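Read off the chains here:
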Amino acid sequence: AVTGLAEQRLMAMVEPFMAGRRDGVLRNDLSTEAVIRSVGIAAALGSTSAYTWLKIPVVADMERVVSATTLPCLLLGGEVSADQDTAFNAWQQALAVPGVFGFVVGRSLLFPPDDNVAAAVDRAAQLLQGASRVAA
């Protein structure tokens, strides 16, 4: 699929995760090391990575994660948290890492803990304005 998209000069957005079964349930490993490993694997998909972007979770050491790949990265929103300030602060820090160009967040903005979708979207837009840069 990645090769086919690249041949047509279309972007592949790959969301890599290392996962394993715990107590019979498949769970994503969100440790920094697992995310680094997953971006390394994702970067090797297809015959070229020219049109491949990664959608990655925000984890403890984003500098190490993003420096493990040359692919442009977008941040995932993750689970909806009762402490939305912590999520926004983590996104803001991750957006400052070279190689991160924005985020792909759904539930975190659509279902904020205070039910104020407009305020959550406004705050996310402010983060993007503060970190704006153009992808190479």
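Structural data are supplied above this passage.
Residues numbered from 1 in each chain as written. Predicted model: local features only at pLDDT ≥ 70, side-chain atom pairs only at ≥ 80, totals over all residues. Heavy atoms only, no water.

Novice: Account for the overall build of the protein chain, naming residues and giving values.
Specialist: If you tally the helices and strands in the protein chain, you get six helices and six strands. Across the protein chain, helices and strands are ordered from the amino to the carboxyl terminus as α-β-β-β-α-β-α-β-α-β-α-α. Relative to the 2.2 N^0.38 estimate, which gives 14 Å for 136 residues, the radius of gyration of the protein chain is 16 Å and therefore close to what a compact globule would have. Relative to its 136 residues, the protein chain shows a buried fraction of 35%. The long-range fraction of contacts in the protein chain, counting pairs at least 24 apart against all pairs at least 6 apart in sequence, stands at 62%. Per element, the accessible surface of the protein chain, about 8,000 Å² overall, is 53% carbon and sulfur. Measuring between centres, the 10 positive side-chain charges of the protein chain sit 8 Å from its 13 negative side-chain charges. (Helix = DSSP H or I, 4+ residues; strand = E, 2+ residues; numbered from the N terminus. Rg over C-alpha atoms; globule rule 2.2 N^0.38 Å. Buried < 20%, exposed > 50% of the residue type's maximum accessible area, 1.4 Å probe, protein only. Contact = heavy atoms within 4.5 Å. Areas by Shrake-Rupley, 256 points an atom, 1.4 Å probe, with all protein chains shown as cover. Lys, Arg positive; Asp, Glu negative; His and termini not counted. Charge placed at Lys NZ, Arg CZ, Asp CG, Glu CD.)

Everything listed is a geometric property; what it means functionally is a separate question.
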